[in-house]
Amino acid sequence: MAKESMDLYTLLLEKSKKYVWNPFTQMKTFFDQEPVIVESGQGFRLRDVRGREYYDGVSSLWLNVHGHRVPELDRAVADQLGRIAHSTMLGQLSVPAILLAEQLVARSPEGLNKVFYSDSGAEAVEIAIKMAYQFWQHSGRPEKRKFITMTGAYHGDTIGAVSVGAIELFHHAFGGLLFDTFRVPYPYCYRCPVGKQPDSCGFACLEALRSTLEEHADETAALIVEPVVQGANGMIVMPPGYLREIRELCTRWNVLMIADEVATGFGRTGRMFACEHDGVSPDFLTCGKGITGGYLPVAATLTTDRVYEAFLGEPWEGKTFYHGHSYTGNQLGCAAALANLELFDRTRLVERVREKEEYIRKRLEVLKDLPHVGDVRQKGMMIGIELVADRTSKEPYPVERQMGFAVCRRARDLGMIIRPLGDVVVFMPPLAAPEDVLEAMTGILIRAIREVTGS
Ligand code: PLP
């Protein structure tokens with residue numbers, strides 16, 4: 001076909017085939033799926049180059065908060081652009097980076113008083129790992145170099161973040177590049193790692209952490225955990241009180257605690273940060289995604305005065321934290337984040353999330369009766385629906401069936417973009433989506449699951 005006569009979609013698709021390699025995507029089959037090419041967005045919808053519209057059912061990968069093209073955020077970025085887009089934070093400061101740090105400290109759990117910026121969640125985690133590692137060198141305990149992580153953990157895709165991750169499918173290819181960790185179970189109650197029932201287990205799966213600490217605390221720098229909800233492993237929800245137990249054990253054994261709130265932070269679970277559900281203050285809190293309302297790539301690692309002060313010394317003493325990125329503390333991003341947080345306050349968004357959590361829960365109740373829905377997990381506006389071949393035995397579908405994917409493909413035809421995690425269908429609408437939008441979105445979700453699972 002001559003290029004002039006091609007429609008825009010076909011033309012862009014050709015260019016894409018020629019030049020683009022997508023993340024987390026098998027490129028061999030990608031183009032069979034007639035990929036959506038997003039051209040614009042408005043409110044809670046995306047629009048593709050063919051003029052079709054879709055609800056943004058995964059908040060553009062768990063980050064959109066107030067919708068797309070939000071006047072307040074657009075204005076904040078444009079105003080900042082009128083001043084400067086970016087200048088380095090290596091050895092100097094900027095107005096929005098300072099003001100945002102103040103806001104982050106004010107909203108985070110008690111004791112987290114220092115903010116170190118980066119550009120993605122993985123980097124925020126990388127920074128927490130390196131800070132924890134170096135902290136012990138400055139504290140006279142250089143032998144504390146190991147990390148404890150949890151089964152099914154996902155902390156991003158850089159080598160350090162993958163080292164503390166534990167999703168076989170994503171991570172096995174890089175085994176030879178990674179540092180060793182101690183791994184303890186995450187409380188995945190639907191498929192209990194120690195074969196107990198949630199109501200009577202007494203947190204039996206915590207025993208592994210207790211014994212790991214007993215044996216290895218002296219060589220362990222930190223534990224890293226996705227607080228309250230483990231995202232990429234399929235929206236696994238921790239029972240109340242579990243995170244507090246982890247915090248207490250870390251304190252008792254002098255092991256630093258890193259709470260990775262990249263997915264759970266900024267209202268997603270119905271609190272500003274998920275740690276609040278259990279009244280926990282970690283030694284490090286990593287955040288990203290919703291920090292700019294889904295506008296620009298900013299992430300942050302928050303830590304305590306204790307950690308910060310261990311790095312203070314003369315320039316020649318070797319206590320400096322030698323880590324930074326070209327775009328660390330990007331002004332456009334920080335300006336968007338400030339406007340985002342202001343809008344959180346003005347719309348009382350975190351409280352509203354708790355109301356919407358109940359609305360969504362009620363809407364999804366019908367799923368529980370379907371023969372191929374094993375578990376419906378929800379905390380705030382993080383929802384995972386685990387599909388199974390057999391509800392009684394909890395037997396999964398054969399991977400070749402790609403059921404999660406098939407449901408999401410059907411949802412797309414019905415007008416909503418969602419992405420699965422294996423056979424867990426993830427639903428993460430933008431936090432500000434009003435009830436009528438949530439009604440339409442959940443309607444599509446339920447219909448897609450019903451049709452594809454044949455129930
Ligand atoms: N940590 C957690 C808990 C996440 O869920 C993610 C991404 O989903 C990351 C870290 C990585 O964040 P990013 O994709 O911004 O690097």
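Since the model is a prediction, treat every value here as computed from it, not as a measurement.

According to the stated counting rule, one finds 9 aromatic pairs in the structure shown. For the ring pair Phe-116 and Phe-321, a centre distance of 5.3 Å and an interplane angle of 80 degrees mean the geometry is edge-to-face. Of this pair, Phe-116 sits in strand E4 (residues 114-118) while Phe-321 is found in the loop between helix H11 (305-310) and helix H12 (331-346), placing the two residues 205 residues apart along the sequence. Ring plane angle 85 degrees and centroid distance 6.0 Å describe the contact between Tyr-154 and Phe-170, whose orientation is recorded as edge-to-face. Residue Tyr-154 is located in the loop between strand E5 (146-150) and helix H7 (159-163), and its partner Phe-170 is located in helix H8 (residues 168-171); the two are separated by 16 residues in the primary sequence. Feature note: the residues Phe-24, Tyr-154 and Phe-170 constitute an aromatic cluster, connected by ring pairs. The ring centre of Tyr-308 lies 4.5 Å from the NZ or CZ of Lys-114, which sits over that ring.

Turning to the domain arrangement of the protein, a few remarks are in order. Assigned domains within the protein: domain 1 (36-69 + 349-453) and domain 2 (74-347). Here the C-alpha centroids of domain 1 and domain 2 sit 26 Å apart. The partner domain 2 presents 31 residues to the 36 residues of domain 1 that form the contact. In total, domain 1 and domain 2 occlude about 2800 Å² of area from one another, counting both sides; carbon and sulfur atoms represent 59% of this.

Let us look at a nonpolar patch on the surface. Residues Leu-93, Val-95, Ile-98 and Leu-99 make up a contiguous nonpolar surface patch of about 390 Å² in total accessible area. Judged by relative accessible area, Leu-93 falls into the exposed class, the value being 59%.

Let us now look at the side chain of Ser-87. Among the structural elements, Ser-87 can be located in the loop between helix H4 (71-81) and helix H5 (95-107). Ser-87 gets classed as buried once you look at its relative accessible area, which sits at 19%. A distance of 2.7 Å separates the side chain of Ser-87 from the side chain of Gln-331, its partner in a polar contact. Filtering out sequence-adjacent residues up to four positions away, Ser-87 remains in contact with Gln-92 and Gln-331.

Moving on, we come to the sheet that holds strand E13 (residues 373-379). The antiparallel open sheet is built from 4 strands, whose spatial order is E13-E14-E17-E16. The open sheet is flanked by E13 and strand E16 (420-421), the only strands paired with a single partner. Bridging between strand E14 (residues 382-387) and strand E17 (residues 424-427) involves 4 bridges; their strand directions are antiparallel. Looking across to E17, one finds that Gly-384 is bridged to Val-426. Strands in contact with helix H13 (residues 349-364) are E13, E14 and E17; relative to E13, the strand with the most contacts, it is inclined by about 170 degrees.

Procedures and definitions
- Residues numbered from 1 in each chain as written.
- Predicted model: local features only at pLDDT ≥ 70, side-chain atom pairs only at ≥ 80, totals over all residues.
- Heavy atoms only, no water.
- Phe/Tyr/Trp six-rings, centres within 6.5 Å; stacked < 30°, edge-to-face > 60°.
- Helix = DSSP H or I, 4+ residues; strand = E, 2+ residues; numbered from the N terminus.
- Lys NZ or Arg CZ within 6 Å of the ring centre and 35° of its normal.
- Domains from an automatic or database assignment.
- Contact = heavy atoms within 4.5 Å.
- Buried area = accessible area lost by both parts, 1.4 Å probe.
- Patch = residues over 30% accessible without salt bridge, like charges linked within 9 Å, V, L, I, M, F, W, Y side chains within 5 Å.
- Areas by Shrake-Rupley, 256 points an atom, 1.4 Å probe, with all protein chains shown as cover.
- Salt bridge = Lys/Arg side-chain N within 4 Å of Asp/Glu carboxyl O.
- Buried < 20%, exposed > 50% of the residue type's maximum accessible area, 1.4 Å probe, protein only.
- Polar contact = N/O pair within 3.5 Å; in protein donor to acceptor, adjacent residues only side chain to side chain.
- Pairing = 2+ DSSP bridges.
- Axes fitted to C-alpha atoms, helices over the stretch in contact; angles between N-to-C directions.

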